[in-house]
Amino acid sequence: MRKIIRVPQLETERLILRQWSRKDAKDLYEYASNPDVGPHAGWKPHENVSESRFIIDELFRQNTTWAICEKGTNKPIGSIGFEPDKYRPEISSREMGYSLAKEHWKKGYMTEAAKRLIRYGFDELKLDVLMIRTSNANLRSQRVIEKCGFTYEGTLRRAYRLYDGELREVRCYSMLREEYEKLYLE
């Protein structure tokens, strides 16, 4: 196993964003096995708890990724994190990504978590740009992106290959530091 990237615990009004643990594999599997969750983000539903544990070890704990938990519980109901921005490798920029258990959709949790991570990215990581991508079909994600104040940059056609081989378009959005300061600090 490679080096684990530690993330600080972050808090919102209703959520705790915390470090993923191998003990979270069962809870991750519980929501990531739902066929309505992963395919919208381009990944296949998890097939078993072992696969979820592998994702925690090799993806979540190797990147800057938080488990999203409702306050009062320690149970992950989603994930949110940063990856390197492959479109802006020479700039202080990250790409944000997320997923949420279906039973927690339409509660405003993802917007709440995303806004907290946006603040962390610009205030603590000193980002100049934060970007996010989604597909034309993922309307829920587009709504979160809009509520957070990202700017639509354009669509890359046939830019992402799904786990099943399908080619999908990618809608690209970004937020510049000065946009963050105007939206979140004024």
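What comes next concerns the included structure. The structure presented is a predicted model; accordingly, all values stated were derived computationally and were not measured. (Residues numbered from 1 in each chain as written. Predicted model: local features only at pLDDT ≥ 70, side-chain atom pairs only at ≥ 80, totals over all residues. Heavy atoms only, no water.)

This part takes up the packing of aromatic side chains. The description of an aromatic ring pair uses the distance of the two centres, along with the angle that the planes make with each other. Under the definition given, this model contains six aromatic pairs. Summarising the aromatic geometry, the rings of Trp-66 and Phe-82 are spaced 6.2 Å apart at their centres and angled 90 degrees between planes, so their arrangement reads as edge-to-face. Of this pair, Trp-66 sits in strand 3 (residues 64-70) while Phe-82 sits in strand 4 (residues 76-84); the two residues are 16 residues apart in sequence, bridging distant segments of the chain. Given the relative accessible area of 0%, Trp-66 is considered buried. A network of ring pairs unites the aromatic residues Trp-66, Phe-82 and Tyr-120 as a single cluster. (Phe/Tyr/Trp six-rings, centres within 6.5 Å; stacked < 30°, edge-to-face > 60°. Helix = DSSP H or I, 4+ residues; strand = E, 2+ residues; numbered from the N terminus. Buried < 20%, exposed > 50% of the residue type's maximum accessible area, 1.4 Å probe, protein only.)

Once that is clear, we can look at the side chain of Arg-168. Position of Arg-168 relative to the elements: it lies in strand 8 (residues 167-176). Of note is the side chain of Arg-168, whose polar atom sits 3.2 Å from the backbone oxygen of Pro-39. In this structure, Arg-168 is in contact with Pro-39, His-40, Gly-42, Ser-135, Arg-158, Ala-159, Tyr-160 and Leu-162, ignoring residues within four places of it in sequence. (Polar contact = N/O pair within 3.5 Å; in protein donor to acceptor, adjacent residues only side chain to side chain. Contact = heavy atoms within 4.5 Å.)

Another point: the pattern of salt bridges. The final tally for this structure, using the stated rule, is 13 salt bridges. Notably, a salt bridge pairs Lys-102 with Asp-36, separated by 2.5 Å at the nearest N-O pair. Pair noted here: Lys-102 is in the loop between strand 5 (93-100) and helix 4 (109-123) and Asp-36 is in the loop between helix 1 (25-32) and helix 2 (38-41), with a separation of 66 residues, a long-range link. We classify Asp-36 as partly exposed; its relative accessible area is 30%. Ionic pairing is found between Glu-47 and Lys-44, a salt bridge with its closest N-O pair at 3.4 Å. Connected via shared salt-bridge partners are Lys-44, Glu-47 and Glu-51. (Salt bridge = Lys/Arg side-chain N within 4 Å of Asp/Glu carboxyl O.)

As summarised here, the arrangement of the eight strands in space is 1-2-3-4-5-6-8-7, forming an open sheet in which the pairing is mixed. Of all the strands in the sheet, just strand 1 (10-11) and strand 7 (151-161) have a single pairing partner and so form its edges. Sheet topology places strand 7 next to strand 8; seven bridges connect them, and they run antiparallel. Looking at the pairing, Tyr-152 lines up with Tyr-173 of strand 8. Packed on one face of the sheet, helix 4 meets strand 1, strand 2 (15-19), strand 3, strand 4, strand 5, strand 6 (129-134) and strand 8 and runs near 35 degrees to strand 4. (Pairing = 2+ DSSP bridges. Axes fitted to C-alpha atoms, helices over the stretch in contact; angles between N-to-C directions.)

Turning our eyes to something else, we now look at the pairing of strand 8. In terms of residue burial, strand 8 counts as a mostly covered element, since seven of its 10 residues are buried. Across six bridges, strand 6 lies against strand 8 in antiparallel orientation. Directly across from Ile-132, in strand 8, lies its bridge partner Tyr-173. Following strand 7, the chain reverses through five residues before pairing antiparallel with strand 8; Gly-165 in that reversal takes a positive phi of roughly 95 degrees.

On to the state of the cysteines. Taken as a whole and assessed by the stated rule, the structure comprises zero disulfides. Lacking any disulfide linkage, Cys-69 is separated from the closest cysteine sulfur, that of Cys-148, by 19 Å. Cys-69 gets classed as buried once you look at its relative accessible area, which sits at 0%. Of the cysteine sulfurs around Cys-172, a residue in no disulfide, the closest is that of Cys-148, at 17 Å. (Disulfide = S-S within 2.5 Å.)

These figures come from the coordinates and say nothing about function on their own.
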